[in-house]
Amino acid sequence: MADPRASHPRPSPRTGALRIAVIGGGWAGLAAAVEATRRGHAVTLFEMAAQLGGRARSVTVDGRTLDNGQHILIGAYSATLSLMRTVGAAPEQLLERRALALVGPDGIGLRLPGGAPTLAFVRGVLGQHGWRWRERLGLLTAATGWMLRGFRCEPRLS
């Protein structure tokens, strides 16, 4: 029978640091490895692929390197942006900034212009082609109600 203590990490008697194995080199695994290292622990990262990044691995298409995973990274992803800065990656230089466009293959959807978020949202909804005025005003009315009631998405929801 295996020693039950063998599955629990034990601190080094000299430093108090743990020996930690992180399985997977995607965003979550890399974040865990960075944080454990920051806290002074000895980390070994295991990744089955030849390149780190998980679903966010890059691919080359027509000579241009593209992100193959997260296709939208909004400014609200503060923990992801912070992790990038922690490891020396500058999101301002590495990421291509575009106005939000949630559009289907038929071209119908919501495109927001640049500018202040609330004004851009209003301008984008009012200028939306393919939506009836009743639909545009309904979305603006609902969104205004959410804002006035201080709506915040629960942290456990995506």
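Everything that follows concerns the structure shown earlier in this document.
Please read all numbers here as calculations on a predicted model, not as lab measurements.

Asks: Lay out the pairing of strand β2 (residues 42-46) in plain terms, naming residues and giving numbers.
Replies: In the sheet, strand β1 (residues 19-23) pairs with β2 via five bridges, with the strands oriented parallel. By the bridge assignment, Ile20 is partnered in β2 with Val43. Each parallel crossover has a hand, and the one from β1 via helix α1 (residues 27-38) to β2 is right-handed.

Asks: Any chance you could break down the packing of aromatic side chains for me, citing the residues and the numbers?
Replies: The full count for this structure, using the stated rule, is one aromatic pair. When the centroid spacing of 6.5 Å and the interplanar angle of 45° are considered together, the rings of Trp146 and Phe151 count as tilted.

Asks: Give me the lowdown on the packing of α1 against helix α2 (residues 78-86), citing residues and values where you can.
Replies: Close contact between α1 and α2 brings their axes to 11 Å; oriented N to C, the two are set at 55°. If you check the angle between α1 and α2, you find them oblique. In terms of crossing hand, the pair formed by α1 and α2 is left-handed. Only Thr80, Leu83, Met84 and Thr86 of α2 make contact with α1, whose side of the interface consists of Trp27, Ala31 and Val34. The residue inventory of the contact of α1 with α2, partitioned by class, reads five nonpolar, two polar and no charged.

Asks: Describe in detail the pattern of salt bridges, supporting the description with residues and values.
Replies: Applying the stated criterion across every chain, the model contains four salt bridges. Its salt-bridge partner being Glu92, residue Arg85 comes within 2.6 Å of it at the nearest N-O pair. When its relative accessible area of 44% is taken as the criterion, Arg85 is described as partly exposed. Classification of Glu92 as exposed rests on a relative accessible area of 54%.

Asks: A description of the environment of Glu47 should follow, citing residues and the corresponding values.
Replies: Within the fold, Glu47 resides in the loop between β2 and β3 (58-61). For the pair Glu47 and Gly25, spaced 22 residues apart in the sequence, the C-alpha separation amounts to 5.3 Å. Discounting residues that sit within four places of it in the chain, Glu47 has contacts with Gly24, Gly25, Gly26, Leu52 and Arg57. Reaching out from Glu47, the side chain makes a polar contact with the backbone nitrogen of Gly25 at a distance of 2.5 Å.

Asks: Talk me through the pairing of β3; I want residue IDs and the actual numbers.
Replies: Sheet topology places β3 next to strand β4 (residues 64-67); four bridges connect them, and they run antiparallel. Of the residues in β4, the one forming a bridge with Thr60 is Thr65. The turn joining β3 and β4, which pair antiparallel and follow one another in sequence, is formed by two residues; a positive phi near 50° is taken by Asp62.

Asks: Can you tell me about the environment of Arg38, naming the residues and giving the values?
Replies: Within the element layout of this structure, Arg38 appears in helix α1. Considered as a pair, Arg38 and Thr86 are 48 residues apart in the sequence and their alpha carbons are 9.9 Å apart. At a separation of 2.6 Å, a polar atom in the side chain of Arg38 contacts the side chain of Glu35.

Asks: How would you sum up the packing of helix α4 (residues 117-126) against helix α5 (residues 133-148)? Please name residues and give values.
Replies: The interhelical angle for the contact between α4 and α5, taken along N-to-C directions, is 160°, at an axis separation of 9 Å. With respect to α5, the axis of α4 lies roughly antiparallel. Where α4 crosses over α5, the two elements pack in a sense that is right-handed. For the pair formed by α4 and α5, the contact residues are Phe121, Val122, Val125 and Leu126 on the first element and Trp133, Arg136, Leu137, Leu139, Leu140 and Ala143 on the second.

About the thresholds
- Residues numbered from 1 in each chain as written.
- Predicted model: local features only at pLDDT ≥ 70, side-chain atom pairs only at ≥ 80, totals over all residues.
- Heavy atoms only, no water.
- Pairing = 2+ DSSP bridges.
- Helix = DSSP H or I, 4+ residues; strand = E, 2+ residues; numbered from the N terminus.
- Right-handed = clockwise from strand over helix to strand, strands pointing away.
- Phe/Tyr/Trp six-rings, centres within 6.5 Å; stacked < 30°, edge-to-face > 60°.
- Axes fitted to C-alpha atoms, helices over the stretch in contact; angles between N-to-C directions.
- Parallel < 35°, antiparallel > 145°, perpendicular 65-115°, else oblique.
- Left-handed = near helix turned anticlockwise from the far one by under 90°.
- Contact = heavy atoms within 4.5 Å.
- Nonpolar A, V, L, I, M, F, W, Y, C, P; charged D, E, K, R; others polar.
- Salt bridge = Lys/Arg side-chain N within 4 Å of Asp/Glu carboxyl O.
- Buried < 20%, exposed > 50% of the residue type's maximum accessible area, 1.4 Å probe, protein only.
- Polar contact = N/O pair within 3.5 Å; in protein donor to acceptor, adjacent residues only side chain to side chain.

Any functional reading would require information that these geometric values do not contain.
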